[in-house]
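# A look at the structure
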Amino acid sequence: MRKHYFLLTIIFLTWSVVRAQERIDVHTRNMSLVFNVGADKKLYQSYMGSRIAAAAVPADTTVESYPQGGGSYLFEPAIRMVHADGNPSLDLRVASWKVDSMDTNVRVTSILMKDPVYPVSVVLELRAYSREDVITSKVLIRHDEPQPVKVSHFASSMLHFHADSYWLTQFHGDWAREMHMDESRLTSGIKIVDSKLGSRADMYQTPAFLLSLDRSSSEEEGEVLAGTLAWSGSFQLLFEVDEKDRLSVAAGMNPYASDYVLDPGKTLPTPEFIFTYSNKGRGQASRNLHAWARSYGVLNGKGPRMTLLNNWESTQFAFNEPKLDSLFGETRKLGADLFLLDDGWFGNKYPRNDDHTSLGDWQENKTKLPHGIARLEKAAAAQGVKFGIWVEPEMVSPKSELYEKHPDWVLKLPNRSEHYFRNQLVLDLVNPAVQDFVFKTVDDLLTQHSGIAYIKWDCNRMMTNEYSPYLGFRQTNLYVDYVRSLYAVLDRLRAKHPSVPMMLCSGGGGRTDYGALKYFTEFWPSDNTDAVERVYIQWGYSYFFPANTIACHVTSWGKEPLKFRTDVAMMGRLGYDLDVSKMKEKELAFSQQALKDYRRLSGTIGQGDLFRLLSPYDRERAALMYVDADKKKAVLFGYVLYPRYGSTWPPVKLQGLDGQKSYRVREINRYPGVHGVLVEDGKKLSGEYLMKVGLNILRADALSSAVIEITEE
Ligand code: GLA
């Protein structure tokens, strides 16, 4: 009791009542966001950009920071609410604000805004990560009206800019062609990048962007804002250029079909919008986000990752115990840490032999696995490899015992025929009984099998049939509540199993967002593992995600040389998904060595600073490098894709090294019996030379590549 009293006192004391014309400034090491509370107690954004002393910013009242719909604001609002009495307007005035220092690096600024007439409060919460130069923004919406209200706009953040021109880089695609990068100039009016996929965010459009101010930014130059939304469902990024050429950027859950019915006394929290600002180009913006992700955004972001052999590409659904025994042996022979058993191990009344049946029936298939998972755990351990398993717990096949038993646990429209995607349906996760089932599915696997060291959690479809039998008259809460329910299940799971590595997968890259990644150690960026395609796909993700979160497998999808495929997969969490028994002697020897080298270098690749040196979007080649924080070790990757006849390439100038240090440069991942690429192989060169003159790592041949280990000596 005394403790509670003490806590309440602290909270009471730290909220300070606001004065008119008061400045509220949020800073990181190199970035500032400054607000001003006007005489009318409204919240205005006075400044957003590189670090500035708050006192140097005039108390501006031109641009309202978090504008509300229904009053005099004539553009797209950040928030809009219809009150219990039908009044469709909101009027937010700052009541108080406080700053909490979580530690020496993280400060949380909370700005409490209230409507003077209706009992509605909105807290804008900004979390500043000083060292990483990242701010996250979210709002908490609450009311105490007598009846529910409807919230129809609920941006996590609205930021405002006034520049000469605005250049938006967006990422879009489809299955197997994720993260295509496009840049366009924003013109007057609204540009929306959104998705309405419900159970996944990404696939057609990605919830992340780069915004360059005044002119298009390069890797090393220009002002750029990089932002991404931590949400695994329908999202909206909205860019509006007004009549005075000012830009507002709103990021949040998609308001589409989502008038949220909010009960009295309940809080609607929005997801976090994560952003960084750099006036030194996109490279710095990415490095900021990577550093933030490793410390705060991803589960075990600083920990090591396991290499693995997956069986999806080589066996699909056709395997049994003897086959898996041989695959455990191949995992060991290859030298990978873990074997990952993919789809197809479950279902008895309806055995999972293709993708038409069995989702929901998470019991070992007795024909393929007569002795169950327990035997697989033991057999893998006997070979000295770890064991991981695939699940898709949010889904159900119409042909399954689960569907027969619980037809009301499924999202489906009344009076309409069911719409299938990959022959399956989405479970009604907002129903607490379904949440228990999904939790139990994964919890049972982990509790009953201590040998399960890794989970691949898939979600192979978006939401259609958008009707929850559980929600009744509140169907417009479905998009929002589905994702909140998913996070509630993941919270429970992580409370009980805090550290087991999990891969986030969604039919390729359908879930690539920091909302889910806080529960996962890595994500599957695309089912497309053709190495040339992967150069582009991984390039796109590299703007927002560090290499240790990007799962990259060497497969037989593309027809590039094994060396090229391996070099590309080494730029992430390296794995294999091919038939090892069919490898020729040299191929096996090369792969075994690659895994050994990767183990030595994965710390630098996964934790180091990324420098994108040559973009595959400019010409048909690419180069990237990763540098340790102490600049003692670096790994350089170079690729020639499909060059024009007679193309030649100058040396590649490196970045991020210490000019004063000397480095030994050594080409690794050389294919047995084939000449390496690096002209300077084995030489000791100064950091200055490497950055001013560079290394010859690009050969004229199509699909040639090189990996260079750079070590201070
Ligand atoms: C999805 C995943 C694949 C594989 C299959 C299994 O497509 O992206 O990697 O796991 O499901 O059905």
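This is a predicted model, so every value here is computed, not measured.

### Quick word on the overall build of the chain
Scanning the chain from terminus to terminus reveals 13 helices and 36 strands. For the chain, the C-alpha radius of gyration of 26 Å lies close to 27 Å, the compact-globule estimate for 713 residues. Expressed along its principal axes, the backbone C-alpha trace of the chain runs to roughly 80 × 65 × 55 Å. By the burial criterion, 60% of the 713 residues in the chain qualify as buried. Taking contacts inside the chain between residues at least 6 apart in sequence as the whole, the part at least 24 apart equals 68%. Carbon together with sulfur atoms contributes 52% to the accessible area of the chain, which is approximately 27,300 Å² in total.

### Here's the deal with the domain arrangement of the chain
Accessible area lost upon the coming together of the parts is a frequently used measure of interface size. As assigned here, the chain comprises domain 1 (16-297) and domain 2 (610-712). Placing the centre of domain 1 and that of domain 2 at their C-alpha centroids yields a distance of 39 Å. Between domain 1 and domain 2 lies a buried interface of about 640 Å² when both sides are counted; carbon and sulfur atoms form 43% of it. It is Met181, Glu219 and Arg287 that lose the most area in domain 1 upon contact with domain 2, and together they represent 62% of the buried surface on that side. At the boundary of domain 1 and domain 2, one finds one salt bridge. Linking domain 1 to domain 2 there are six residue pairs in polar contact (both at pLDDT 80 or more).

### Structural notes on the site of the ligand
Around the ligand lies a shell of 13 residues, among which Asp342, Asp343, Arg422, Lys456 and Asp527 are the nearest. One of the side-chain nitrogen or oxygen atoms of Trp390 is found 3.1 Å away from an oxygen atom of the ligand. For the ligand, an oxygen atom lies 3.0 Å from a polar atom in the side chain of Asp458. Compared with its free state, where it exposes 300 Å², the ligand has 96% of that area covered by protein. Class assignment for the residues of the shell around the ligand results in four nonpolar, three polar and six charged.

### Concerning the pairing of strand β15 (residues 223-229)
Counting buried positions along β15 gives six out of seven residues, so the element sits mostly inside the fold. The pairing of β15 with strand β20 (residues 273-278) spans six bridges and is antiparallel. When the sheet's bridge partners are listed, Leu225 is paired in β20 with Tyr277.

### What to know about the sheet that holds strand β2 (residues 22-27)
Pairing is antiparallel across the open sheet formed by three strands, whose spatial order is β2-β3-β4. The open sheet terminates on both sides in strands that have one partner only, identified here as β2 and β4 (43-50). Between one strand axis and the next, the sheet turns by 20 degrees as a mean value, whatever way the strands run. Here strand β3 (residues 31-37) pairs with β4 via seven bridges, running antiparallel.

### Details of the packing of aromatic side chains
Tallied over the full model, the rule gives 32 aromatic pairs. Residues Phe328 and Phe387 carry aromatic rings whose centres are separated by 6.1 Å and whose planes lie at 85 degrees to one another, so their mutual orientation is edge-to-face. One end of the pair, Phe328, is in helix α4 (residues 321-334); the other, Phe387, is in strand β23 (residues 386-391), with 59 residues separating them in the sequence. For Phe328, a relative accessible area of 1% gives the class buried. Taken together, a centroid distance of 6.0 Å and an interplanar angle of 40 degrees make the contact between Trp345 and Trp362 tilted. Here Trp345, found in the loop between β22 (338-341) and α5 (372-382), pairs with Trp362, found in the loop between β22 and α5; they are 17 residues apart in sequence, far enough to count as distant. Like Trp362, Trp345 is buried. Among the aromatic residues, those joined into a cluster by ring pairs are Tyr129, Trp292, Tyr296, Tyr514, Phe523, Tyr541 and Phe545. In this structure, Arg534 packs its charged tip against the face of Trp524, placed 5.0 Å from the ring centre. Positioned above the aromatic ring of Tyr543 is the side chain of Arg612, whose terminal nitrogen or guanidinium carbon lies 3.8 Å from the ring centre.

### Brief notes about the state of the cysteines
According to the stated counting rule, one finds zero disulfides in the structure shown. Distance from the sulfur of Cys459, which forms no disulfide, to the nearest cysteine sulfur (Cys505) is 8.9 Å. For Cys552, which is in no disulfide, the shortest distance to another cysteine sulfur is to Cys505 and amounts to 13 Å. For Cys552, a relative accessible area of 1% translates into the label buried.

### Remarks on the sheet that holds strand β33 (residues 633-640)
The antiparallel open sheet is built from six strands, whose spatial order is β31-β32-β33-β36-β34-β35. Both outer strands of the open sheet, β31 (609-614) and β35 (684-686), are each paired with one neighbouring strand and no more. With strand direction ignored, the average angle separating the axes of adjacent strands in the sheet is 25 degrees. Relative to strand β32 (residues 621-627), β31 runs antiparallel, the two sharing five bridges.

### Some points on the pattern of salt bridges
Counting across every chain of the model gives 40 salt bridges. As a salt-bridge pair, Glu394 and Arg511 come within 2.7 Å of each other at their nearest N and O atoms. Within this pair, whereas Glu394 is found in the loop between β23 and β24 (395-396), its partner Arg511 is found in the loop between β27 (502-504) and α9 (514-517), the two being separated by 117 residues in sequence. For the residue pair Glu394 and Arg511, the accessibility class agrees, reading buried in each case. Lys412 is paired through a salt bridge with Glu418; the nearest N and O atoms lie 3.5 Å apart.

### Remarks on unusual backbone geometry
A positive phi angle, close to 65 degrees, is found at Met179, a residue other than glycine. Residue class for Met179 comes out buried when judged on its relative accessible area of 1%. One non-glycine residue, Asp214, adopts positive backbone phi at about 75 degrees. The residue Asp214 is located in the loop between β14 (205-213) and β15 in this model. Residue classification places Asp214 among the partly exposed residues on the basis of a relative accessible area of 35%.

### Some words on the pairing of β2
Note that β2 and β3 share six bridges and pair antiparallel. What sits directly across from Ile24, in β3, is Phe35.

What counts, and where the lines are drawn
- All residue numbers here refer to positions counted from 1 along the written sequence of the relevant chain.
- Given that the model is predicted, a residue must reach a pLDDT of at least 70 before its local features are reported, and side-chain atom pairs must reach 80 or more before they are shown or counted; all residues, however, enter totals for whole chains, interfaces and linings.
- Water and hydrogen atoms were dropped before computing side-chain values, which therefore reflect all heavy atoms in the structure.
- Helix numbering and strand numbering both begin at the N terminus, where a helix is a DSSP run of H or I of at least 4 residues and a strand a DSSP run of E of at least 2.
- Just to be clear, the radius of gyration here is over C-alpha atoms, and the globule rule we use is 2.2 Å times residues to the power 0.38.
- Classification of residues uses two cut-offs on accessible area relative to the type maximum, computed with a 1.4 Å probe and protein chains only: under 20% is buried, over 50% is exposed, and between them is partly exposed.
- By the convention used here, residues are in contact when the closest approach between their heavy atoms is within 4.5 Å.
- Each accessible area value is a Shrake-Rupley result obtained with a 1.4 Å probe; residue values ignore everything except the protein chains displayed when judging cover.
- Domain delimitation in this document rests on an assignment produced automatically or drawn from a domain database.
- A quick way to say it: buried area is the sum, across both parts, of accessible area lost when two parts are put together, with a 1.4 Å probe.
- A carboxyl oxygen of Asp or Glu within 4 Å of a side-chain nitrogen of Lys or Arg is what we treat as a salt bridge.
- For this analysis, a polar contact is any N or O atom pair within 3.5 Å, provided that within protein one partner can donate a hydrogen and the other can accept it, and provided that sequence-adjacent residues contribute only side-chain to side-chain pairs.
- For this description, a residue counts as near a given molecule or strand if any of its non-hydrogen atoms is within 4 Å of it.
- All amino acids are sorted into three groups, where Ala, Val, Leu, Ile, Met, Phe, Trp, Tyr, Cys and Pro are nonpolar, Asp, Glu, Lys and Arg are charged, and the leftover types, Gly among them, are polar.
- Strands were regarded as paired on the criterion that DSSP finds at least two bridges between them.
- To define axes, lines are fitted to C-alpha atoms, for helices over the stretch in contact only, and angles between the resulting N-to-C directions are given on a 0 to 180 degree scale.
- Aromatic pairing here means that ring centres of Phe, Tyr or Trp (its six-membered ring) are within 6.5 Å. Orientation follows from the plane angle: under 30 degrees is stacked, over 60 is edge-to-face, and everything else is tilted.
- In our convention, an over-ring charge means Lys NZ or Arg CZ found within 6 Å of a ring centre and within 35 degrees of that ring's normal.
- Disulfide assignment relies on a single distance test, namely cysteine sulfur atoms paired within 2.5 Å.

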